[in-house]
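As a plain string of letters, each chain reads:
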Amino acid sequence: MKFKKKILCIGAGYVGGPSMAIIAYKCPDCRITVVDTNPNRIDAWNSEDLPVYEPGLDKIVKKTRGKNLFFAKDIENQIKENDIIFVSVNTPTKTYGAGADMAADLQYWEKTARQIMKHSRSSKIVIEKSTLPVKTALAMEKILASAKGKIKFDVLSNPEFMAEGTAVSDLENPDRVLIGSHETKSGLKARAELIGIYARWVPLEKIITSNIWSSELSKLVANAFLAQRVSSINSISALCEKTDADISEVAKAVGMDSRIGDKFLKAGIGFGGSCFKKDILNLVYLCSYYGLQEVAAYWESVVKINEYQQERFMANILNSMFSTLAGKKICILGFSFKADTGDTRESPAIYISQKLLAEHAEVIISDPKALKNAAIDLAGIKGTVKYIEDPYRAAAGCHALVILTDWDLYQKLDFQKIYSSMVKPAFLFDGRNIIDHKKCFAIGFNVYPIGKPALSHFKN
Ligand code: UDX
Ligand code: UDX
């Protein structure tokens, strides 16, 4: 079959894989190839056991793989073959040199730009899909512009706003698609080409355009605003715990103001995931770089409150359990950074497990999708950790349950059965406020929610 467009994506991660699968699904007349420097990733995408768990994704991959969606290892050849190249490689926080722990590490990006330049034999549209600091496209353009001969590259910015766990529905029904381009003749032509792809399934009024820098910055700012709401509600949860206020009631009353809205107001143990912290630190670095210290400090406080929330939660466990955890068995329910994903990057569960182990507690971790990653995250840490998928078996013989991920299945557990199998007095720390606290208290648990008074059977 002759395909209308030949599209390549470099980077087969959480963003590259699902977003290309949807394009392939929606545009059967386009051929999409995804490559990655990690050959194991490509093997996994070609297997029955995809490297990324996302509800609904396996069905879409099954329908398209081998027809118009391909996962390949020959990066150089694929660069030659394709006309449109998405770049979705990771941009972790820099761990060395200038801007360490703040700025984005752009080495993979630059390497990819050079690779594209070296192996291209015809003009191409290059699209940044990774979240990048403002003006990265400029650097990419400079590298690509040094290509010899008549080959021209048009660089577009097209940040991805999907969230993990809901990637498929977010990609199928995005709130908006943002495309940043230059206002030059060839920039506008490249932009029209990309609009043409999305317009196959996204209504035109939801496809918005801007200059490249606004597009790059919008992605950082959108993530910073979302994270800021989580830190705002978490900061108030600390106040609720000191007073008789209940964070769920406060969030409901505040969120019903249509100007504020009710989303991202769920108090918990703090945000995780590969994006929020990294993108805010990136924003902080940009602000400091431009001498805007007050603005930098404002956004940095969002990350500080997030750390404070996790420290507070851990201190609460220790204090409530008579200030010693040594030799006690603690069952962690949920290790992924949110429900419906196996991703554990920056998951608060990593910090909390480490702190529990540092107190010499024995930690038993249960999660329906994240145990493999949990074992990688905690490898080499001193102490006893067990991984048991079945929550009933995991909880048996434990002194406390600690809920860290908002998996639906935890709401449906038989807490009476669990209570009977635990050491008494039994403790329950609900880091996500997802279970029925009064019911669990009535069963016999001492219950410690977030931002609500504790329900304890102990007399003061
Ligand atoms: C996310 C977001 O896309 C991005 O916005 C953010 O900047 C970084 O994290 P994600 O898809 O979640 O990316 O990252 P990851 O799952 O780590 O995937 C990146 C892939 O790129 C990896 O599979 C890695 O092997 C690949 N890669 C990295 C290359 O193919 N080439 C490189 O030079 C470097
Ligand atoms: C985020 C953005 O939502 C998405 O647009 C962007 O493309 C990538 O970063 P993601 O990190 O996958 O997506 O998940 P998200 O649903 O935003 O949750 C992030 C973290 O915040 C999770 O740890 C989640 O548990 C936490 N959270 C979210 C809360 O604690 N309370 C809330 O009310 C919402």
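Procedures and definitions
Residues numbered from 1 in each chain as written. Chains lettered and ligands numbered in written order. Predicted model: local features only at pLDDT ≥ 70, side-chain atom pairs only at ≥ 80, totals over all residues. Helix = DSSP H or I, 4+ residues; strand = E, 2+ residues; numbered from the N terminus. Domains from an automatic or database assignment. Contact = placed C-beta atoms within 7 Å. Nonpolar A, V, L, I, M, F, W, Y, C, P; charged D, E, K, R; others polar. Near = placed C-beta within 6 Å.

Novice: Would you mind going over unusual backbone geometry in detail, with residue names and values included?
Specialist: Geometrically, the link from K424 to P425 is a cis peptide bond, its omega value of -5 degrees lying close to zero. Structurally, P425 is set in the loop between helix 16 (415-420) and strand 13 (427-430).

Novice: Which residues make up the domain arrangement of the chain, and what values do they have?
Specialist: The domain boundaries assigned to the chain delineate domain 1 (5-210) and domain 2 (218-460). For domain 1 versus domain 2, the separation of C-alpha centres amounts to 33 Å. Contacts between the two partners involve 17 residues from domain 1 and, on the opposite side, 20 residues from domain 2. Class assignment for the residues of the side of domain 1 that touches domain 2 results in 12 nonpolar, 4 polar and 1 charged.

Novice: Quick one: what's the story with the site of ligand 1, residue by residue and with numbers?
Specialist: Neighbouring residues of ligand 1: 21 residues in total, closest G11, G13, Y14, V15 and T131. Grouping the amino acids of the shell around ligand 1 by side-chain chemistry returns 6 nonpolar, 12 polar and 3 charged.

Novice: So what's going on with the site of ligand 2? Residues and values would help.
Specialist: In the neighbourhood of ligand 2, 19 residues make up the surrounding shell, with A163, E164, K266, F271 and G273 lying closest. Sort the elements by how many residues they give to the shell around ligand 2 and helix 9 (residues 212-242) lands first, with 3 residues. Among the residues forming the shell around ligand 2, the class breakdown is 11 nonpolar, 4 polar and 4 charged. Residues from two domains meet in the shell around ligand 2; each of domain 1 (5-210) and domain 2 (218-460) gives at least three.

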